[in-house]
Amino acid sequence: MSIFEDNNRRLADIRELEGISEAEMSVLDNPVQTKYAELEVNGRKYPAWRIVYNRALGPGKGGIRFHPDVSEDEVKSLSFWMALKNSLADIPYGGAKGGVKFNPKDSNQEELEAISRAYIRAFHEYLGENKDVPAPDVYTNAQIMAWMLDEFEKINGRHEPGMITGKPLEIGGLALRGDATARGGYLIIKEMAAEFLRGRRNKKIKIAIQGFGNAGLFMTEKLFNDGYKIIAVSDSQGAVYNEDGLNIPEIIKLKNSGQSVGVYSGGRKISNAELLELPVDILVLAALENQIIKENAPRVRADYLVELANGPISYEADLILEKNKKIIVPDILANSGGVIVSYFEWAQNKTGQILDEEYLRGLLGKKMKLNWRRVYEKYSEKNGAITLRQAAYILAIRKILTAEKWRG
Ligand code: NAD
């Protein structure tokens, strides 16, 4: 089953739950724009996509991923989730996503720059601060955003920093963007714990985290600093486990020196698959899609699963976890901190105003709490008859459909 077909099944469930007609929901059946190109760099060809899912609420918005598994199905699904995430977060964007299929770990800096610039040459006419605004995603970063902005501005012969977010500070980025996804997700975990784990002390709450990149590393650091007991972490090369709690600052040092978390000696080496099945209170998924699927879902022992990654739990796994009374905090809520801060960056670039970072940090906190509350209230309203994911989807979809109706 493709990821996108999974999304269709989720949409069909919402249609039934909410009594939305097939005709009304059909605006969400497919992306409004799909662009494909083969980037030619140093005699090699790289398949690349930019997809806008919906524009009812505003211009396209979503990251660009460099990964060997990138496919049209994946980019389409990621752009769909972006549309719902932006709607739920109440920011004036449609949804979009991009990707290039290759392994950036096999490329040097010159090749990465050439691929980044080639991406913009292929898609520049579809991008722009009022058309479609990219950002970093898996294996892309501020440097790549800077090359992309530079190429775009060279082609167009004018400055337009709002055409991309997640930029370095010196060319219009915000310091707050660096750990924004994790900060937002951390605030959601605090809200979730206050609701579901009331009375439990942080040091008694055991957490495992899959993925140790931008989202996972900062999330682990924040949870550790807040006293939670982090007993396992992983990256693409391996995983490490210590029942008494891991020394996270040491693991971060190791990771920042270019090594895998799996080589850390203060714990037992385990496999990535084992990490997902540990008896923890909270499992944070911060790597890639389809990590919990129907095969391993019955073995998941965490009571709460937080989707910091996009789409880490398949549709069929959702059903199994739900039957096993697991609570899932969905991606479109848990990882929306990144795009909310991208919106602050974009707004600042467009207006030319300088906004105080402390003020923005406070605003991010307020928005995350409010979004949690809205989803939780919708979930509670239905007395447990729907999941948190369905509550979030209902709110996000209703808003897009209403905007579409206004547009006529
Ligand atoms: P990243 O490239 O910074 O890090 C990805 C991490 O996942 C790396 O540590 C990598 O080693 C690890 N990983 C890859 N495959 C793995 C596997 N099979 N098992 C365990 N670890 C594995 O990417 P990121 O920005 O942290 O993105 C991670 C997820 O969060 C993605 O789904 C992304 O779409 C989502 N996300 C990121 C942001 C953001 O602002 N960075 C915002 C919203 C959502």
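Values in this document were obtained by computation on a predicted structure and should not be read as measured data.

Criteria and cut-off values
Residues numbered from 1 in each chain as written. Predicted model: local features only at pLDDT ≥ 70, side-chain atom pairs only at ≥ 80, totals over all residues. Heavy atoms only, no water. Phe/Tyr/Trp six-rings, centres within 6.5 Å; stacked < 30°, edge-to-face > 60°. Helix = DSSP H or I, 4+ residues; strand = E, 2+ residues; numbered from the N terminus. Buried < 20%, exposed > 50% of the residue type's maximum accessible area, 1.4 Å probe, protein only. Lys NZ or Arg CZ within 6 Å of the ring centre and 35° of its normal. Pairing = 2+ DSSP bridges. Axes fitted to C-alpha atoms, helices over the stretch in contact; angles between N-to-C directions. Core = buried A, V, L, I, M, F, W, Y, C linked by side-chain atoms within 4.5 Å. Domains from an automatic or database assignment. Contact = heavy atoms within 4.5 Å. Buried area = accessible area lost by both parts, 1.4 Å probe. Salt bridge = Lys/Arg side-chain N within 4 Å of Asp/Glu carboxyl O. Polar contact = N/O pair within 3.5 Å; in protein donor to acceptor, adjacent residues only side chain to side chain. Nonpolar A, V, L, I, M, F, W, Y, C, P; charged D, E, K, R; others polar. Expected span 1.5 Å × (residues − 1). Parallel < 35°, antiparallel > 145°, perpendicular 65-115°, else oblique. Left-handed = near helix turned anticlockwise from the far one by under 90°.

## As for the packing of aromatic side chains
Part 1: Applying the stated criterion across every chain, the model contains 16 aromatic pairs.
Part 2: Relative to Tyr-379, the ring of Tyr-376 lies with its centre 5.8 Å away and its plane at 40°, an arrangement referred to as tilted. Taken together, the residues span about one helical turn, with Tyr-376 and Tyr-379 both in helix 13 (residues 357-381) at a distance of three residues. With respect to burial, Tyr-376 and Tyr-379 carry one shared label: buried.
Part 3: An aromatic cluster is built from Phe-196, Tyr-304, Trp-372, Tyr-376 and Tyr-379, whose rings are joined through pairwise contacts.
Part 4: The lysine or arginine in question, Lys-61, covers the ring of Tyr-93, its NZ or CZ lying 6.0 Å from the ring centre.

## Notes on the sheet that holds strand 8 (residues 229-235)
Part 1: Spatially, seven strands are ordered 10-9-8-7-11-12-13 in an open sheet, and the strand pairing comes out mixed. Every interior strand has two partners, whereas the edge strands, strand 10 (268-270) and strand 13 (327-329), have only one. Direction aside, the axes of adjacent strands within the sheet are offset by 20° on average.
Part 2: As judged from the four bridges shared by strand 11 (residues 282-285) and strand 12 (residues 304-307), these two strands associate in the parallel manner. Bridge pairing in strand 12 links Val-284 to Val-306.

## Remarks on the nonpolar core
Part 1: Membership of the largest hydrophobic core comes to 85 residues, with the highest contact counts inside it found for Leu-223, Val-233, Ile-282, Val-284 and Ile-397.
Part 2: Here the element with the most residues in this core is helix 14 (residues 388-407); it accounts for ten residues.
Part 3: Looking at this core, you find at least three residues from each of domain 1 (7-175) and domain 2 (180-334).
Part 4: Discounting residues that sit within four places of it in the chain, Val-233 has contacts with Ile-209, Phe-212, Thr-220, Gly-238, Ala-239, Val-240, Leu-246, Ile-248, Ile-251, Val-261 and Leu-275.
Part 5: Residues Val-41, Val-100, Ala-118 and Leu-149 belong to the second largest nonpolar core, which totals 24 residues.

## As for the domain arrangement of the protein chain
Part 1: Domain boundaries in the protein chain define domain 1 (7-175) and domain 2 (180-334).
Part 2: Computed over C-alpha atoms only, the centres of domain 1 and domain 2 are separated by 26 Å.
Part 3: For the pair domain 1 and domain 2, the summed buried area comes to about 1200 Å², and 52% of that belongs to carbon and sulfur atoms.
Part 4: Counting the surface domain 1 buries against domain 2, the share from its top three residues, Arg-9, Arg-10 and Trp-81, is 41%.
Part 5: At the boundary of domain 1 and domain 2, one finds two salt bridges.
Part 6: Its salt-bridge partner being Arg-65, residue Glu-289 comes within 2.6 Å of it at the nearest N-O pair.
Part 7: For the pair domain 1 and domain 2, the interface holds seven residue pairs in polar contact (both at pLDDT 80 or more).
Part 8: Every element with two or more residues in the side of domain 1 that touches domain 2 is listed here: helix 1 (3-18), strand 4 (64-67) and helix 3 (72-88).
Part 9: The element that contributes the greatest number of residues to the side of domain 1 that touches domain 2 is helix 3, accounting for six residues.
Part 10: In terms of residue class, the side of domain 1 that touches domain 2 is built from six nonpolar, one polar and nine charged.

## Describing the pairing of strand 1 (residues 33-41)
Part 1: Where strand 1 and strand 2 (residues 44-54) come together, nine bridges link them in antiparallel fashion. When the bridges of strand 2 are listed, Glu-38 appears paired with Pro-47.
Part 2: Where strand 1 folds back on strand 2, the antiparallel hairpin that results is connected by two residues, among which Asn-42 adopts a positive phi of roughly 50°.

## Focus on the pattern of salt bridges
Part 1: If you walk through the whole model with that rule in mind, you get 33 salt bridges.
Part 2: Residues Glu-113 and Arg-117 are paired through a salt bridge, measuring 2.9 Å at the closest nitrogen-oxygen approach. One end of the pair is Glu-113 and the other is Arg-117, both in helix 4 (residues 109-123) and four residues apart, which spans about a single turn.
Part 3: Glu-113 sits in the partly exposed class, given a relative accessible area of 27%.
Part 4: Assessed through its relative accessible area of 14%, Arg-117 is described here as buried.
Part 5: Between Lys-378 and Glu-381 there is a salt bridge, with its nearest N and O atoms 3.3 Å apart. Of this pair, Lys-378 and Glu-381 both sit in helix 13, three residues apart, roughly one helical turn.
Part 6: Accessibility expressed as a relative area gives 16% for Lys-378, which makes it buried.
Part 7: For Glu-381, a relative accessible area of 55% corresponds to the exposed category.

## Some thoughts on the side chain of Asn-349
Part 1: Structurally, the position occupied by Asn-349 is in helix 12 (residues 337-351).
Part 2: Owing to a relative accessible area of 15%, Asn-349 belongs among the buried residues under this scheme.
Part 3: Ignoring anything within four residues of it in the chain, the contact list for Asn-349 reads Pro-161, Gly-162, Ile-164, Lys-167 and Gly-172.

## A short note on helix 14
Part 1: Counted at 1.5 Å a residue, the expected span for helix 14 with its 20 residues is 28 Å, and the 29 Å between its end C-alpha atoms agrees.
Part 2: With its phi angle positive at about 80°, Gly-408 sits one or two positions after the end of helix 14.

## So, the packing of helix 6 (residues 180-196) against helix 7 (residues 214-225)
Part 1: For the pair helix 6 and helix 7, the least separation of the axes is 8 Å and the interaxial angle reads 45°. Between helix 6 and helix 7, the interaxial angle falls into the category oblique. Seen along the crossing, helix 6 lies across helix 7 with a hand that is right-handed. For the pair formed by helix 6 and helix 7, the contact residues are Thr-181, Ala-182, Arg-183, Gly-185, Tyr-186 and Ile-189 on the first element and Ala-215, Phe-218, Met-219, Lys-222 and Leu-223 on the second.
Part 2: Considering only residue class, the contact of helix 6 with helix 7 consists of seven nonpolar, two polar and two charged.

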